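# Chain and residue survey
Read off the chains here:
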Amino acid sequence: MSMEIEDQELLDGFLTETTELLEKLDDDLVTLEKTTGDTELLNRIFRSIHTVKGASSFLGFELLVKVTHKTEDVLNRLRKGELVVTPEIMDVILESVDLVKILVSDIKANDIKEREIDGTIEKLIPLLSSSVTDGGSAPEAAPPPQAETATATPAAGETKPEAEPQSDAISPQPPKAATVAPPPQPVVKAVESKGEDLSDNTTVRVDVKRLDDLMNQVGELVLERNRMIQLNSNYQGEVNQESFSEDFNKLTKRLNFVTSELQMQVLKMRMIPVEKVFKKFPRIVRNLARDLGKEVDLQLMGEETELDRSVVDEIGDPLIHLIRNAMDHGLETPDERLAAGKSKMGTLILAAAHEGNQIIISIKDDGKGLDPDKIGRKALEKGLITDDQLASMMPREILDLIFLPGFSTKEKASDLSGRGVGMDVVRTNIKKLNGIIDIKSELGKGSEFILKLPLTLAIIQSLLVEVEGEIYSIPLSAVMETLRVDQREFHTIGGKEMLKLREIVLPLVRLERVFGVSRKMDTDSACYVVVVGVGEKRVGLIVTRLLGQQEVAIKSLGKYLANLPGIAGSTILGDGSVALIVDPVSLVEGNDGASTGRIAA
Amino acid sequence: MENALTIHRDQKEKEDASGELIQLVSFKLDEEEYGVDVLKVREIIRMPSITRVPNTPHYVEGVINLRGKVIPIMSIRRRFGLGEVENDKSTRIMVMDVDGELMGFIVDSVSEVIRISEKEIQPPPPVATSGVDQECMSGVINQPERLLVLLDLEKMSSREDRKMLSNLSI
C-alpha cells in the first residue's frame, strides 16, 4: 500500500518533469533547425530526450522508451556530426516528439493504450544507418514518412478523428512529392488538442525570493494586527475621542499600506511570463510555413512580460488564430514578395509589453495588409452589411467588419482558415478577458493586430454606483465618462431613450429596469449617466448616484448563479455586504439593435 | 491492518442488523418539522444582510458574504409556496453543501439534531404536504410524538438548475 503511494509520487514527479522538458523541446528543435551548428543547443535537446528515456524506462513505460530511445540515437548522430539537420530530419524528430507527448498524456490520463508507434520508429531507423550522409539524407529519409503516413496517422486519429481524412488525402500522392510533403501535419493537429492538456495548471513554481517577500509582508501584517489589539486594549473603558481617532487614523494608513503591498506580492506570485504561451508558436509557425510554402521569420519579443495565470491560459487560442491568419492571409509567397519588391522571407513579429495596468500583445506581419475595398465587397456579398452602410463607413470601420460572425475573404475555406469563424471567436475570447483588439494596417506594407488585456482578472478598479438604493460596481476599464444629466434632455427614438452627447447619439439603458429594482425614491429629474464602451460601441447607463471609485476583488457567484444576464460577478464591500459587478459587455451587446449612430450633419 | 478492516466490517454488520443510525438536523417551516442529513449541513447562521440578485427565479433570495465567500441564498418557503412571513429572531440560514458548492436555505427556526435509525424512515406518502415538492421529499419519520419530513435539498437544487437554465435561454 505504502509502495503504491510512493509510486504515485514518482509518477507525478516524472509527469511534471517530462511535461516541462517536452514543452521546451519543441521550441529548441525549431531553433536548432535555424542555427544548425549550435552544439550546446543540440546537447541540451539530447539531454532532455535522454532524461525522458531514463525516467520512463525506470517506471516501465515501454512504448515511451522505444520511441525516445530511437530519437535519442538519431540526435546522437546529429551530435556527433554524422548527420546534418535538414527540414526532413526535423520533421521526423518533431513527429516522434509529438508521439512522445501523446504517450505521456496517456500516462497522465491514467489510460495507457497500445498505440501504433512503429510508423514513427521506422522513419527514425533509416536515419540511423551509416549510409545516410548529409547530402543524400533528404531523399532517402523522406520516402518512409510518405509510406508510413497512412499507418502513422490513424494512431493519432484515435485522439482526433478529423485527422484521418487528412492522411487519406496525402497518401495517394506520387512518391516524388515526398521530399516536400509535410507528413507530420495531421499528427500535429492531433497533438495540438492533446498537447494542451499536457501542461499542468494545478501546480505553480514560485521564485523563493518572492515567497520570502510574501512572508515578510505577512510579518508586517501580524505586527499591524498586534498594534490594533494594543490600541483596542488601550482604549478599553476610557475613551479619549481625540487621541483615539488620531491613533486609529495612523493604524488605518499602515494597514492600508501593508495590505496593498501584500496584494501586489500575491498578484506577482500568480504571474507567469507570457513565454509559456509564446514558446508554442515557433513550432506552429514552422509547420504552417512549410504547408503554405511561405518563408517566415518569426520574431518573439518581450517573452518575459508577466501576466496573470488566468489570462495566460485564455490567450493561447486567440493568438494561434491571429498567427494563422497572418500567415495565411497576410504574408505572401516568396514569389509574390519578390515581385512586390520585398525580401523573400516574410517577417512575423509577436511582441508583448506592459503599458500601465494593461498588457499589450501585438502580432505584426510585413505582408500585403488588409484591403478595405476587398473586405467591404466581401461583407456585401455575404450579406453582412448593406450598400448604404458600407458607403457611410470609414476605412477604419471597414476593417472592423472582419470581426463579424460569418466573415471570410477566402474564396475557398482552406484547412487553416477561411471558414469565417476565426476573428469572431478571437474577439469574443478577448472580450471575455475584458480586453480589446485593435487593427492597424497599411495596404502592401503589412498589418498589425493589437490586443490590450488587463493584468489580472482577480482584482479590478471599479466605479461604485447606486441604483435606487442598491449598490452595483461597474468595471472602470469599461467606463468612458460620467455625466450628470437632466432627464428632460433625453430623446426617444423608436421607443428607446437616447442622449445627444457631443457628436454622437448615445443609447441609454436604465439599470433599474434591467435589474428589476423597485423604485424607492421620488423621480428626480436629474440623474447620472455612466458612459460605458466595449470596442467601438457606447452605451449610457442611467444610475441614481455615483458613489466613487474602488479597487474590488472579484468573487464568483458560483455555478448556480453563473451566466446571469448583465452580471459579471460580485464583490464584497468595506461594510461586508455583497455588491454585484455589472457586465458592460452584455449590456452593450444587448443593446445592439440600437447601435450608436452618427448625427448626419 | 487487515484486522482493523474486519473489525470495522463487524461493526457495520451489527449496525445493519439494528438499522444504521443517522443524524438529522430538524428545522421548522410554519408548524411542520423537516429534517436534513447532518453531514450536508456546514453551518447555521442568523440572517445577515442579503444582496438581491436580479433576473433570478423568485425563490433565490440573493447572495450573502460568508467570511469572504459569496454564496446564494434560497427561500425554502417560496420554493414550496408556503407564503411569506416576517423574518424574526429565530429565522436562520442553513448553509449546506450542495454538489460541492455552498448554498444557504432560509428556514423559520432550527430545532435540534436528532438520531434516528434508518429503519424508521418510511417512503413519502403519495400526497405531498402543503405544497412541498414530492421530488424533494426523500421520506417521512413517524415517531409517536412527531412527524418529520425528510428533505433532499440536493434534488431540489438540481431541479432549480434546470429551471434556471430554461429561464435564461428565453
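Residues numbered from 1 in each chain as written. Chains lettered and ligands numbered in written order. Predicted model: local features only at pLDDT ≥ 70, side-chain atom pairs only at ≥ 80, totals over all residues.

## Considerations on the overall build of chain B
Across its full length, chain B carries three helices and eleven strands. Put simply, chain B has 170 residues, and 30% of those count as buried. The contacts of chain B with a sequence gap of at least 6 include a subset with a gap of at least 24, amounting to 52%. (Helix = DSSP H or I, 4+ residues; strand = E, 2+ residues; numbered from the N terminus. Buried ≥ 20, exposed ≤ 12 C-beta atoms within 10 Å, placed from the backbone. Contact = placed C-beta atoms within 7 Å.)

## Focus: the overall build of chain A
Helices and strands together make up the secondary structure of chain A, namely 21 helices and 19 strands. Looking at the 601 residues of chain A, the share that counts as buried comes to 33%. Restricting to contacts in chain A with at least 6 residues of sequence separation, those with at least 24 account for 69%.

## Remarks on unusual backbone geometry
Located in the positive-phi region is Arg502 of chain A, a residue other than glycine, with phi close to 50 degrees. Topologically, Arg502 of chain A is positioned in the loop between strand E12 (496-501) and strand E13 (504-510). Residue classification places Arg502 of chain A among the exposed positions, given that 6 C-beta atoms sit within 10 Å. The residue Arg67 of chain B is not glycine, and still its phi comes out positive at about 45 degrees. Inspection of the secondary structure puts Arg67 of chain B in the loop between strand E4 (60-66) and strand E5 (69-75).

## Some remarks on the environment of Asp88 of chain B
Within the secondary structure, Asp88 of chain B is located in the loop between helix H2 (76-80) and strand E6 (92-98). For the pair Asp88 of chain B and Met47 of chain B, spaced 41 residues apart in sequence, the C-alpha to C-alpha distance is 9.0 Å.

## Some words on the interface of chain B and chain A
Listed as interface residues are 17 residues of chain B and, on the opposing side, 19 residues of chain A. Counting only elements with at least two residues in the side of chain B that touches chain A, the list comes to E4, E5 and strand E7 (101-107) of chain B.

## Some words on the packing of helix H10 (residues 208-234) of chain A against helix H11 (residues 241-270) of chain A
All names here are of chain A. Where H10 contacts H11, the two axes come as close as 9 Å, and the packing angle between them is 160 degrees. Considering their axes alone, H10 and H11 lie roughly antiparallel with respect to each other. Every pair of crossing elements has a handedness; the one defined by H10 and H11 is left-handed. Between H10 and H11, the contacting residues are Arg210, Asp213, Leu214, Gln217, Glu220, Leu221, Glu224, Arg227, Met228 and Leu231 on the first element and Asp247, Phe248, Leu251, Arg254, Leu255, Val258, Glu261, Leu262, Gln265, Val266, Lys268 and Met269 on the second. A per-class count over the contact of H10 with H11 returns eleven nonpolar, two polar and nine charged. (Axes fitted to C-alpha atoms, helices over the stretch in contact; angles between N-to-C directions. Parallel < 35°, antiparallel > 145°, perpendicular 65-115°, else oblique. Left-handed = near helix turned anticlockwise from the far one by under 90°. Nonpolar A, V, L, I, M, F, W, Y, C, P; charged D, E, K, R; others polar.)

## Details of the sheet that holds strand E3 (residues 41-46) of chain B
Residues and elements named next belong to chain B. Strand order across the open sheet formed by five strands is E3-E6-E7-E5-E4, with mixed pairing between neighbours. Edge positions in the sheet fall to E3 and E4, since each has one partner strand and no second. The average angle at which neighbouring strand axes cross in this sheet is 30 degrees, direction not considered. Sheet analysis places E3 next to E6, joined by five bridges and oriented antiparallel. Bridge pairing in E6 links Ile45 to Ile93. (Pairing = 2+ DSSP bridges.)

## Digging into the sheet that holds strand E1 (residues 21-29) of chain B
Residues and elements named next belong to chain B. Strand order in the open sheet formed by six strands is E8-E1-E2-E11-E10-E9, and the pairing between neighbours is mixed. On the outer flanks of this sheet lie strand E8 (109-117) and strand E9 (121-122), each paired with one strand and no other. With six bridges joining them, strand E10 (residues 137-143) and strand E11 (residues 146-151) adopt antiparallel strand pairing. Its bridge partner being in E11, Val140 is matched across the sheet by Val149.

## Quick look at the nonpolar core
The biggest cluster of nonpolar side chains holds 67 residues, and the ones touching the most others in it are Leu511 and Leu541 of chain A together with Phe105 of chain B. Apart from residues no more than four positions distant in its own chain, Leu541 of chain A is found in contact with Val509, Leu511, Val529, Val530, Val532 and Leu587 of chain A. Among the nonpolar cores identified, the runner-up in size contains 38 residues, and Leu322, Ile323, Leu348 and Ile437 of chain A belong to it. (Core = buried A, V, L, I, M, F, W, Y, C linked by C-beta atoms within 7 Å.)

## A few points about the confidence of the model for chain A
All names here are of chain A. Looking at chain A as a whole, its pLDDT mean stands at 76, while 80% of the residues score no less than 70. This stretch, residues 131-198, has a pLDDT under 50; its non-local contacts, to residues over four places away or in other chains, come to 112 contacts. Note on residues 416-420: pLDDT under 50 across the span, and 18 contacts to partners over four residues away in sequence or across chains. (pLDDT = per-residue confidence, 0-100.)

## A few points about the pairing of E13 of chain A
All names here are of chain A. Two strands pair when backbone bridges link them, and E12 and E13 are joined in this way by four bridges, in the antiparallel orientation. Within E13, the residue paired with Met498 across the bridge is Pro507. With antiparallel pairing between neighbouring strands as the criterion, E12 and E13 make up a hairpin whose turn holds two residues, including Arg502 at a positive phi of roughly 50 degrees.

## Observations concerning the packing of helix H3 (residues 62-80) of chain A against helix H4 (residues 87-108) of chain A
Residues and elements named next belong to chain A. It is the contact of H3 with H4, at a shortest axis distance of 10 Å, that shows an interaxial angle of 155 degrees. For the element pair H3 / H4, the angle class is roughly antiparallel. Note on packing geometry: the crossing formed by H3 with H4 is left-handed. Contact residues: Leu63, Leu64, Val67, Thr68, Thr71 and Val74 in H3; Ile93, Ser96, Leu99, Val100 and Leu103 in H4. Its residues placed into classes, the contact of H3 with H4 shows eight nonpolar, three polar and no charged.

## Here we look at the confidence of the model for chain B
Residue and element names in this part refer to chain B. Counting all residues, the mean pLDDT for chain B is 77, and 74% of those residues have values of 70 or more. Per-element confidence in chain B ranges from a low mean pLDDT of 50 for helix H1 (residues 2-18) to a high of 92 for E3. Note that pLDDT drops below 50 for residues 165-170; the model gives that stretch two contacts with residues more than four away or on any other chain. For this predicted complex, the interface confidence comes out at an ipTM of 0.76, alongside a pTM of 0.55.

## Focus on the environment of Leu404 of chain A
Residue and element names in this part refer to chain A. With respect to the helices, strands and loops of the structure, Leu404 is situated in the loop between helix H18 (395-399) and helix H19 (422-432). Taking the C-beta count within 10 Å as the criterion, Leu404 has 16 such neighbours and is therefore assigned partly exposed. Each C-alpha atom, one on Leu404 and one on Asp424, is 5.7 Å from the other, the two residues being 20 residues apart in sequence. Setting aside its immediate chain neighbours within four residues, Leu404 contacts Ala379, Leu384 and Asp424.

## Points about the pairing of E12 of chain A
Taken together, the three bridges between strand E11 (residues 491-493) of chain A and E12 of chain A define a ladder with antiparallel strand orientation. By the bridge assignment for E12 of chain A, Thr492 of chain A is matched with Glu497 of chain A.

## Quick notes on the environment of Pro565 of chain A
Here Pro565 of chain A is to be found in the loop between strand E16 (545-553) and strand E17 (567-572). Expressed as a C-alpha distance, the spacing of Pro565 of chain A and Val514 of chain A, which sit 51 residues apart in the sequence, is 9.1 Å. Those residues in contact with Pro565 of chain A that sit more than four places away from it in its chain are Ser586 of chain A together with Asn55 of chain B.

## With respect to H4 of chain A
Residues lying three or four places apart along an α-helix face the same way, a consequence of the helix completing one turn every 3.6 residues. Residue and element names in this part refer to chain A. The end-to-end C-alpha distance of H4, which contains 22 residues, comes to 31 Å, matching closely the 32 Å that a straight helix rising 1.5 Å per residue would cover. Burial analysis of H4 places 17 of its 22 residues in the buried class, the great majority of the element. Immediately beyond the C-terminal end of H4, within one or two residues, lies Asn110, with a positive phi of roughly 60 degrees. (Expected span 1.5 Å × (residues − 1).)

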